[in-house]
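# Tertiary structure, described
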Amino acid sequence: MKKSWLVATMIFLLIIVMSNCDQTSDPNVDVTETELTETETDDQHNYFPEPDKYPDFGYMISAEDLAKDYPDAEVFKLSQDYPAQKPGDDQIPDFFDIDFTDDAHWREYIDAVRDYCFEGMMAAGFDANKNQERNWYHMPFMHWGPQGTEGFSGLAKEAQISPYQLTPAQKGSHQTYALGYYNEFAGYTLHEMWGDPRNPNPQATSALAGGGGGFPVGTVIFKLLYTDADETEVDYLTNPYTIKGYVTDVWDSDNRVVKNMQLIQMDFMVRDPRADAFGTGWVFGTFCYNGKLNDGKTGVERVKNLVPVGIQYGNDPDVTTNKITAYPPLETWINPELKETKINANADELPPQHLGWGGRLDGPVDLNTASCMSCHATAGFPQSTAALVPKEAFIGDRNAQGSITKLTNVDAPEWKKYYTNIKCGTPYDVDAISCDFSLQVSLALGYYYDWKVNEDGKTYADYQKSGSTPDDDNHPEVAHRGADAHLEAHNLKK
Ligand code: HEC
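Residues numbered from 1 in each chain as written. Predicted model: local features only at pLDDT ≥ 70, side-chain atom pairs only at ≥ 80, totals over all residues. Heavy atoms only, no water.

## Here's the deal with the overall build of the chain
Scanning the chain from N- to C-terminus turns up eleven helices and twelve strands. Out of the 494 residues in the chain, the part that is buried amounts to 57%. Restricting to contacts in the chain with at least 6 residues of sequence separation, those with at least 24 account for 69%. Per element, the accessible surface of the chain, about 20,000 Å² overall, is 48% carbon and sulfur. (Helix = DSSP H or I, 4+ residues; strand = E, 2+ residues; numbered from the N terminus. Buried < 20%, exposed > 50% of the residue type's maximum accessible area, 1.4 Å probe, protein only. Contact = heavy atoms within 4.5 Å. Areas by Shrake-Rupley, 256 points an atom, 1.4 Å probe, with all protein chains shown as cover.)

The structure is reproduced here in structure tokens:
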């Protein structure tokens, strides 16, 4: 088949589909093309869900504009061939030998996790589908709703960055967008959960009776976080690693524009059995980009400018130091009381960090009164039963810039609960099913059932094939189902 024909067909189809992609959350979206799945031809530009495949993204510019303005741009493809077999123990990463609890060795551990995540990824430009060394997968259904993923890089809209959160010069507020990658072990759990697109199984991440056991030992999940802030306000974003995103112009907006997004942070979580001793089972870690260390690096090599911030494998429930670093962070304060967080003390490489409550681990774009583990331990389905951040995180004294300097409600039971240690695969709230510390799992399940209510239980592929609008088929009697009905069907509702 001639390439020019392929391109022409592709562009024609893209025009049709993108009017849909651009409005994923609109229940009145009109889909008239019925043969998308039969006629798709080009792998690289395969936007269209095949039967029983999940959509690659939710928002993208028109095909015309793409061809005209970004002729060399590739389009994001969700890595979703989740493995049906759990990998053997021989595939457990080597760093499972390094003692992360030891002050002399945690740095070796975090560096090794980084290397593991980068292997094959740097050559592939962080395109999971092109990694020749190791399989990585993405969470399905992150395309749905106003925060849904975009089509250049697969980035989901994640969080707002407050003024002064990063540096004293950062007067404006900015946005964070992110993409997560799941290794083969984690991919197996995604298969158990999402393998049947007609009936995802929320129990896959539960370690309680009747559940799938949660993410297996050997699981590594990492996430790259990008911001629309740049070196004009954030000095360490000089010599940036930049990718394109079709993102909202500002946080409180639905209007999408093409922007350059700068890598600012990399997060990971590892299901490491040695963390069981701390009552959690997970090791979290994070890195901050520092372009001042660039030293001539270009292109994808610049991801090596990510500097370890620290790791966290528990919430240190007994440490009640009521201190935080207010915005803007001027130096990285390290709390010597903490036993379950380790922080990089080398100020020559690490830009000043605000960290989280009492100095627990948190990244530059994260809230300074929370912490990685306390927030992630809440992950459940439905998530609505647990706040990602309890209200106490926002009650306290404030500085001239309006940012919190000291919390005042730290004796509240909800606050204490937020900093207890919860075992992997067990729910934070008894009414929810554990998403095993994965907040993308809880979000994606929530999005799925939101979509299901709107689309009357059809899969995306059914919906495209039928050529009908959701309104045509929507039966009023099912309009209020979704998550609840699914829980009932699985006899999970208490
Ligand atoms: C206040 C809540 C909050 C805090 C604090 C937080 N996260 Fe997250 N994290 C989220 C949410 C929500 C998501 C899912 C949305 C997304 O990825 O865009 C997420 C996603 C992730 C993922 C992708 C895997 C998954 O399914 O959850 C990783 C890995 C991760 N975070 C690690 C970290 C690390 C490491 C830290 C600390 C440096 C951290 N997070 C701090 C809320 C939080």
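Resuming the write-up.
## Remarks on the site of the ligand
Taken together, 24 residues lie around the ligand, and E158, C372, C375, H376 and S438 are the ones closest in. In this structure, a nitrogen atom belonging to the ligand sits 2.8 Å away from a side-chain N or O atom of H376. Q440 is positioned such that a nitrogen or oxygen atom in its side chain is 2.8 Å from an oxygen atom of the ligand. Contributing elements (two or more residues each) for the shell around the ligand: β3 (220-227), β5 (256-271), β6 (282-289), α6 (372-376) and α8 (439-455). Considered class by class, the residues forming the shell around the ligand number twelve nonpolar, seven polar and five charged. (Near = heavy atom within 4 Å. Polar contact = N/O pair within 3.5 Å; in protein donor to acceptor, adjacent residues only side chain to side chain. Nonpolar A, V, L, I, M, F, W, Y, C, P; charged D, E, K, R; others polar.)

## Describing the layout of surface pockets
The rolling of a water-molecule-sized probe over the atoms marks out the regions of remaining empty space. Looking at the second largest pocket, its volume works out to about 570 Å³. Taken together, 24 residues make up the lining of the second largest pocket; nearest its centre are E74, G125, F152, S153 and I243. Contributing elements (two or more residues each) for the lining of the second largest pocket: β2 (174-182) and β4 (242-248). The element contributing the most residues to the lining of the second largest pocket is β4, with three residues. Residue classes in the lining of the second largest pocket are distributed as 13 nonpolar, six polar and five charged. (1 Å grid on protein atoms, 1.4 Å probe; cavity = no way out; pocket = protein on both sides within 12 Å on 5 of 7 lines; lining within 4 Å. Points joined across faces, edges and corners; volume = space filled by probe spheres on them.)

## What to know about the side chain of T219
Inspection of the secondary structure assignment puts T219 in the loop between α5 (184-194) and β3. Looking at T219, the relative accessible area reads 0%, which means it is buried. Of note is the side chain of T219, whose polar atom sits 2.8 Å from the backbone oxygen of P216.

## Overview of the nonpolar core
One broad rule of soluble globular proteins: the nonpolar side chains tend to lie buried together. By size, the foremost hydrophobic cluster in this structure holds 121 residues, and its most contacted members are F126, W194 and F222. Considering every element that reaches this core, the biggest residue donor is α8, with eight residues. Aside from chain neighbours lying at most four places away, what touches W194 is Y54, Y82, M139, P140, F141, P200, A444, L445 and Y448. (Core = buried A, V, L, I, M, F, W, Y, C linked by side-chain atoms within 4.5 Å.)

## Brief notes about helix α4 (residues 106-118)
With 13 residues, α4 ought to run about 18 Å at 1.5 Å a step, and its terminal C-alpha atoms sit 18 Å apart, in line with that. Of all the residues in α4, the buried ones are W106, Y109, I110, V113, R114, Y116, C117 and F118. Each element contacted by the buried residues of α4 is listed here: β3, β5, β6, β7 (306-312) and β8 (341-343). Directly after α4, the chain includes G120, whose backbone phi takes a positive value near 80°. (Expected span 1.5 Å × (residues − 1).)

## Regarding the pattern of salt bridges
By the definition in use, this model includes 16 salt bridges. Across the pair D81 and K53 runs a salt bridge whose closest N-O atoms are separated by 2.7 Å. Of this pair, D81 sits in the loop between α3 (63-69) and α4 while K53 sits in the loop between α2 (36-39) and α3, and the two are 28 residues apart along the sequence. In this structure D81 comes out as exposed when scored by relative accessible area, which is 55%. Under the relative-accessibility criterion, K53 is labelled partly exposed at 25%. (Salt bridge = Lys/Arg side-chain N within 4 Å of Asp/Glu carboxyl O.)

## Examining the pairing of β4
Here β4 lies mainly inside the structure; five of its seven residues are buried. Examined bridge by bridge, β4 and β5 share seven bridges and lie antiparallel to one another. Each bridged residue has a counterpart across the sheet, and for T242 the counterpart in β5 is Q262. (Pairing = 2+ DSSP bridges.)

## Quick word on empty space enclosed by the protein
This model, assessed by the stated rule, comprises five cavities of 30 Å³ or more. Here the largest cavity defines a volume of roughly 110 Å³. Per element, the largest residue contribution to the lining of the largest cavity is three residues, and it comes from β2. Residues of the lining of the largest cavity, tallied by class, amount to eleven nonpolar, six polar and one charged.

## Let's talk about the environment of C288
Assignment of secondary structure puts C288 in strand β6. Judged by its relative accessible area of 0%, C288 falls in the buried class. Linking C288 and Q353, residues 65 residues apart in sequence, is a C-alpha distance of 8.9 Å.

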